[in-house]
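Listed below, chain by chain, are the residues.
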Amino acid sequence: MAAKPVNNIWIRRQQCPCGDWKCYIRYEEDDQTTLGSQLVKSETLSSSSSEVVFTPYVGQIFKSDDEAFEYYSNFARKNGFSIRKERSRLSPQLGIYKRDFVCYRSGFAPARKKPTGEHHRDRKSVRCGCDAKMYLSKEVADGVSQWFVVQFSNVHNHELLEDDQVRLLPAYRKIHEADQERILLLSKAGFPIHRIVKVLELEKGIQGGQLPFLERDVRNFVQNRKKVVQENDALLTEKRENDTMDLLEACRAAKEGDAYFVYDVTVDENEKVENIAWSYGYSVHGYNMFGDVVYFDTTYRSITYGMLFAVLLGIDNHGKIIFFGCALLQDETPRSFAWALQTFVHFMKGRYPQTILTDLDPGLRDAIRSELPSTKHVTSIWNIMPKVSCWFSLPLGPRYAEFKSEFDALYHLGSTEDFEFRWNQMVSQFGLGSDKHIDLLFSLRSSWALSYTRGCFLARMATTAYSKSVDAFLKGIFNAQTCLRSFFEQVGISSSFKIQAHEEMQYMHIRTCLPIEEQARSILTPFAFNALQHELVLAMQYTASEMANGSYIVRHFKKMDGERLVIWIPEDEQIHCSCKEFESSGILCRHALRVLLVKNYFQLPEKYLLSRWRQESSLVPFDDQIDHNSNDEWFQEYHSLTATLFTESSITKERSEYVHRELTKELTRLINEVRNMPASDGVAMDLTLSPNS
């Protein structure tokens, strides 16, 4: 019988303590923490052993025989033995209606006839006729089946084991799925069995010999799986080639159905696909509006196809994820990354992003330097900290908390000179002079330390909230896809949903009654307005002291944070703060707002209400190549009316709810009327600038 190929599994690419960038771990539930926490699920059984399990009794009821077996098994583990399934009885009406569960030492081993002429290992059986047991019987009442305990005995004729011994019984030596994948990946990387066991112990932060399985279990698992892999290799090779051709066919079909769909592919000397990238018309349109900052995610790889998934994401004016394009790459070398970036720029008609955020990866750094020389490369701190914890928590032990505090202080330093001086002090203090991870972090410091990146425009993407949004978006794509074509379709569905999803009309509360707040509410989206409003409220807690040169020193009234220098240039209505929040997010900081309030400003200068955060940016692309002409008068009128409606309705909650209710009914009526009109009247319409649906 032919071997059944494994499903396509997407895993999250991350460096492990062994120092090999090619080691991978699977992406689990909320993986924002360290490597060790990714595999802690395998300890569930041992942790559950602390729960109270009462002695079974005759008449006890279970919903199913599986529930009964699990209950008895937990009881057995707490009491120093294990159980096995013995006999079952079957009837045509009830199916299986009796179950016998017995102690693992129940009965006696059958006599085996020794083969002649061969060396035979005479293994002593553990069975000794133990009579401990739990027998069940099924009854059905009103169509509902229940299992009753009809016999129970907890009398053993052998010694019961202590907890540190019972965990080594075969019934409890389970290698859980996450551990299985980790073992296979380490084995494929060439790790010997004893080294695999050591790595697992390090990752879990436990003492040697405390894994829920033995070294020989790992050896047996690897040997058995290798047989399956060998049988599957031929089928997998054929599957990869067929599925890749299906993916190319899907791209061609998408191009025929959507003239704005774009894709590109590279092949090797054998005409086999190496890399493939694609994007959609609405993604290019979105990039025209919000392509100033992009996040290039390369954390996922397919085990089945041996390809890395790279995706380019952004953030719109409502703070939502926006999809720009993606690629499947044969490897994670600078050459492949460079091709992906080059292709994306081509898709986006040669327009380079102002800033690109990525994970911590030297290969990506080299590719960005090559293909995006004028783009600022930034690695967010939420990409850094899980690695810092993974790399240094075990080597430093109890000193890690002190190290983490010093690392955090270094991250927030204001000048590069201070950073480099204190970095050398930290390395010396913790004895990390020869640590390769410290060397790596220092070599990439210009992309993550605030003293180097402060003032880079990030559009509020280097935040934990955005990180969680990215994880949620990618989870929607990697949802048990088994072939490349279904994966391609899922990418299209997820990206289209993100692009087309509308921000629900929100009532924006006024908290300060300042004219600046009223102005911002009428212009900015709720996402941007909330950010500015937060800064405006905090501005009330600061004092502004004017200096001789016209600049201001701004301090918190309780001195909760350091002082900031705010420079005010009245001739050009320019304001600059040393915190550089506006340069980073496009939202004025509390310090600058405080000075503007001191200067009796009732309206913010237009330049400080960026177009990318305005309400109308959801509708009008700011592409310089688009010519606004007289044919667009109907659209300008439409835009003016909708902008006025949104502004007026957001003043009170009653207005907002009324417009939300009536507008839905009125738009539905208009759509139905338009659909009943003739499809063509012989006059060509120019819909180049039609509003988004």
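What counts as what
- All residue numbers refer to positions counted from 1 along the written sequence of the respective chain.
- A pLDDT threshold of at least 70 governs which residues receive local features in this predicted model, and a stricter bar of 80 or more applies before side-chain atom pairs are shown or counted, although totals over entire chains, interfaces and linings include all residues.
- Only hydrogens and water are set aside when side-chain values are computed; all heavy atoms of the structure are taken into account.
- Should a side-chain nitrogen of Lys or Arg be within 4 Å of a carboxyl oxygen of Asp or Glu, the pair is scored as a salt bridge.
- Each residue is assigned to one of three classes by its accessible area relative to the maximum for its type, calculated with a 1.4 Å probe on protein chains only: buried under 20%, partly exposed between the two thresholds, exposed over 50%.
- Two cysteine sulfurs form a disulfide in these notes if their separation is within 2.5 Å.
- UniProt positions are given in the numbering used here, feature names are shortened, and annotations may be inferred rather than shown by experiment.
- Helical segments are the DSSP runs of H or I of at least four residues, strand segments are the runs of E of at least two, and each set is numbered from the N terminus.
- Patch rule: a residue counts if its relative accessible area is over 30% and it has no salt bridge; like charges are joined within 9 Å, and nonpolar side chains (Val, Leu, Ile, Met, Phe, Trp, Tyr) within 5 Å.
- Residue burial considers only the protein chains on display, and all accessible areas are found by Shrake-Rupley using a 1.4 Å probe.
- By the counting rule applied here, Lys and Arg register as positive and Asp and Glu as negative, while His and the ends of each chain are not counted.
- Note that the charge is assigned to NZ on lysines, CZ on arginines, CG on aspartates and CD on glutamates.
- Should DSSP find at least two bridges between two strands, the strands are regarded as paired.
- Whether two residues are in contact is decided by their heavy atoms, any of which lying within 4.5 Å being enough.
- By the criterion applied in these results, polar contacts are pairs of N or O atoms within 3.5 Å in which, for protein atoms, one can donate a hydrogen and the other can accept it, and in which residues neighboring in sequence qualify only through two side-chain atoms.
- Between N-to-C directions, angles cover 0 to 180 degrees, with each direction set by a line fitted to C-alpha atoms, over the stretch in contact for helices.
- In these notes the angle categories are as follows: under 35 degrees is roughly parallel, over 145 is roughly antiparallel, 65 to 115 is roughly perpendicular, and the rest is oblique.
- Residue type decides the class: Asp, Glu, Lys and Arg count as charged, Ala, Val, Leu, Ile, Met, Phe, Trp, Tyr, Cys and Pro as nonpolar, and the leftover types, Gly among them, as polar.
- Only buried residues count toward a nonpolar core, which is a set of Ala, Val, Leu, Ile, Met, Phe, Trp, Tyr and Cys residues joined through side-chain atoms within 4.5 Å.
- Planes of paired rings set the category: under 30 degrees apart is stacked, over 60 is edge-to-face and the rest tilted, where pairs are Phe, Tyr or Trp rings (Trp by its six-membered ring) whose centres lie within 6.5 Å.
- Geometrically, a charge over a ring is one whose NZ (Lys) or CZ (Arg) sits within 6 Å of the ring centre while staying within 35 degrees of the ring normal.

## What about the pattern of salt bridges?
Then, number 1: Per the counting criterion, the structure on display carries 28 salt bridges.
Then, number 2: Salt-bridge contacts for Lys133 lead to Asp131; the nearest nitrogen and oxygen are separated by 3.6 Å.
Then, number 3: Taking relative accessible area as the criterion, Lys133 reaches 15% and is therefore assigned buried.
Then, number 4: You can call Asp131 partly exposed: its relative accessible area is 46%.
Then, number 5: Here the salt bridges do not stand alone but share partners, grouping Arg87, Arg89 and Asp100 into one network.

## So, the state of the cysteines
Disulfides are covalent bonds that connect the sulfur atoms of two cysteines.
Then, number 1: Overall, the coordinates contain 0 disulfides when judged by the stated rule.
Then, number 2: Among the cysteines around Cys589, which has no disulfide bond, Cys579 carries the closest sulfur, lying 3.6 Å off.
Then, number 3: Using a relative accessible area of 3% as the deciding quantity, one classes Cys589 as buried.

## Digging into the UniProt feature "domain: SWIM-type" (unreviewed entry) in the protein chain
Then, number 1: When the UniProt feature table is mapped onto this chain, "domain: SWIM-type" (unreviewed entry) is found at residues 565–600.
Then, number 2: Within residues 565–600, the helical portion is 39% and the strand portion 25%, while the C-alpha atoms at the span's ends are 19 Å from each other.

## A closer look at a negative patch on the surface
Then, number 1: A contiguous patch of negative charge, built from Glu159, Glu162, Asp163 and Asp164, is present on the exposed surface.
Then, number 2: Here Glu159 is to be found in the loop between strand 7 (144–153) and helix 4 (163–166).

## Quick notes on the pairing of strand 16 (residues 552–556)
Then, number 1: The buried fraction of strand 16 amounts to 4 of the 5 residues, a majority that puts the element mostly inside the structure.
Then, number 2: By the bridge criterion, 5 bridges tie strand 15 (residues 542–546) to strand 16 in an arrangement that is antiparallel. Each residue of the ladder has a partner; that of Ala544, found in strand 16, is Val554.
Then, number 3: Remark: 5 residues form the turn of the hairpin made by strand 15 and strand 16, two consecutive strands paired antiparallel; Gly550 in that turn has positive phi of roughly 90°.
Then, number 4: Where strand 16 and strand 17 (residues 564–569) come together, 3 bridges link them in antiparallel fashion. Residue pairing for strand 17: Tyr552 is matched across the bridge by Val566.

## Side note on helix 10 (residues 362–371)
Then, number 1: Residues of helix 10 that are buried: Gly363, Leu364, Arg365, Ala367, Ile368 and Glu371.
Then, number 2: For helix 10, the elements touching its buried residues are strand 10 (293–302), helix 9 (334–347), strand 13 (355–358), strand 14 (376–378) and helix 14 (436–443).
Then, number 3: A side-chain oxygen of the first residue of helix 10 lies 2.7 Å from the backbone nitrogen of Gly363; this N-cap is Asp361.

## Quick word on the packing of helix 12 (residues 400–411) against helix 13 (residues 416–429)
Then, number 1: At a minimum axis distance of 10 Å, the contact between helix 12 and helix 13 shows a crossing angle of 170°. Relative to helix 13, helix 12 is oriented roughly antiparallel. In this structure, helix 12 uses Glu402, Phe403, Glu406, Phe407, Ala409 and Leu410 to contact helix 13, whose residues at the interface are Phe419, Arg422, Trp423, Met426 and Gln429.
Then, number 2: Residues belonging to the contact of helix 12 with helix 13 are distributed by class as follows: 7 nonpolar, 1 polar and 3 charged.

## Details of the nonpolar core
Then, number 1: Formed by 73 residues in total, the largest nonpolar core has its most connected members in Trp278, Phe309 and Leu588.
Then, number 2: Top contributing element to this core by residue count: helix 19 (residues 526–539), with 6 residues.
Then, number 3: With sequence-adjacent residues up to four places away left out, Leu588 is seen in contact with Leu532, Glu535, Ile575, Phe582, Leu593, Leu596, Leu604 and Tyr608.
Then, number 4: Counting residues in hydrophobic clusters, the runner-up holds 28 residues, among them Met289, Phe296, Trp339 and Leu364.

## Let's talk about the side chain of Gln533
Then, number 1: On the secondary structure map, Gln533 appears in helix 19.
Then, number 2: Within the structure, the side chain of Gln533 is placed 2.5 Å from the side chain of Glu517, a separation counted as a polar contact.
Then, number 3: If we ignore the near neighbours within four places in the chain, the residues touching Gln533 are His509, Ile510, Arg511 and Glu517.

## Quick look at the pairing of strand 18 (residues 574–577)
If a strand is regular, its side chains alternate between the two faces of the sheet.
Then, number 1: Here strand 18 shows one buried face, formed by Ile575 and Cys577, and one open face, formed by Gln574 and His576.
Then, number 2: The hairpin formed by strand 17 and strand 18 contains 4 residues between the paired strands, and Glu573 there has a positive phi angle of roughly 50°.

## Looking at the sheet that holds strand 16
Then, number 1: What the 4 strands build is an open sheet, ordered 15-16-17-18; its pairing is antiparallel. Where the open sheet ends on each side, the last strands, each with one partner, are strand 15 and strand 18. When the angles between neighbouring strand axes are averaged without regard to direction, this sheet yields 25°.
Then, number 2: In this sheet, strand 18 lies alongside strand 17 in antiparallel orientation, the contact comprising 4 bridges. Residue Ile567 lies in a different strand from strand 18, and its bridge partner there is His576.
Then, number 3: Sheet strands touched by helix 21 (residues 590–598): strand 15, strand 16, strand 17 and strand 18. Its angle to strand 15, the strand with the most contacts, is close to 65°.

## Structural notes on the sheet that holds strand 6 (residues 133–141)
Then, number 1: Spatially, 5 strands are ordered 3-7-6-5-4 in an open sheet, and the strand pairing comes out antiparallel. Each edge of the open sheet carries a strand with a single partner, namely strand 3 (61–62) and strand 4 (83–91).
Then, number 2: In the sheet, strand 6 pairs with strand 7 via 9 bridges, with the strands oriented antiparallel. Within strand 7, the residue paired with Lys133 across the bridge is Ser153.
Then, number 3: The strands touched by helix 3 (residues 65–78) within the sheet are strand 3, strand 4, strand 5 (95–103), strand 6 and strand 7, with strand 4 carrying the most contacts at an inclination of about 160°.

## Points about the side chain of Ser91
Then, number 1: Following the sequence through the fold, Ser91 ends up in strand 4.
Then, number 2: Judged by relative accessible area, which is 15%, Ser91 ranks as buried.
Then, number 3: A polar side-chain atom of Ser91 sits 3.0 Å from the main-chain amide nitrogen of Leu94.

## Comments concerning the packing of aromatic side chains
Aromatic ring pairs are defined here through the distance separating the ring centres and the angle between the ring planes.
Then, number 1: A complete count under the given rule lists 35 aromatic pairs for this structure.
Then, number 2: The interplanar angle of 75° and the centroid separation of 5.8 Å between the aromatic rings of Phe419 and Trp448 together place this pair among those described as edge-to-face. Of the two residues, Phe419 sits in helix 13 while Trp448 sits in the loop between helix 14 and helix 15 (450–453), which places them 29 residues apart along the sequence.
Then, number 3: Ring centres 5.6 Å apart and planes at 50° place the aromatic pair Phe527 and Trp613 in the tilted group. Of the two residues, Phe527 is situated in helix 19 and Trp613 in the loop between helix 21 and helix 22 (633–649); the sequence distance between them amounts to 86 residues.
Then, number 4: A relative accessible area of 25% means that Phe527 is categorised as partly exposed.
Then, number 5: By way of ring pairs, the aromatic residues Trp391, Phe392, Tyr400, Phe403, Phe407, Phe419, Trp423, Phe430, Phe442, Trp448 and Tyr452 are connected into one cluster.
Then, number 6: It is Arg77 that lies over the ring of Tyr172; its NZ or CZ is 5.1 Å from the centre.

## Points about the environment of Leu136
Then, number 1: If you trace the backbone, Leu136 turns up in strand 6.
Then, number 2: Among the residues examined, Leu136 registers a relative accessible area of 1% and is labelled buried.
Then, number 3: As a C-alpha pair, Leu136 and Asp65 span 71 residues in sequence and 7.8 Å in three-dimensional space.
Then, number 4: If we skip the residues at most four places from it in the chain, Leu136 touches Phe62, Ala68, Tyr97, Lys98, Arg99, Phe101, Trp147, Phe148, Val149 and Val150.

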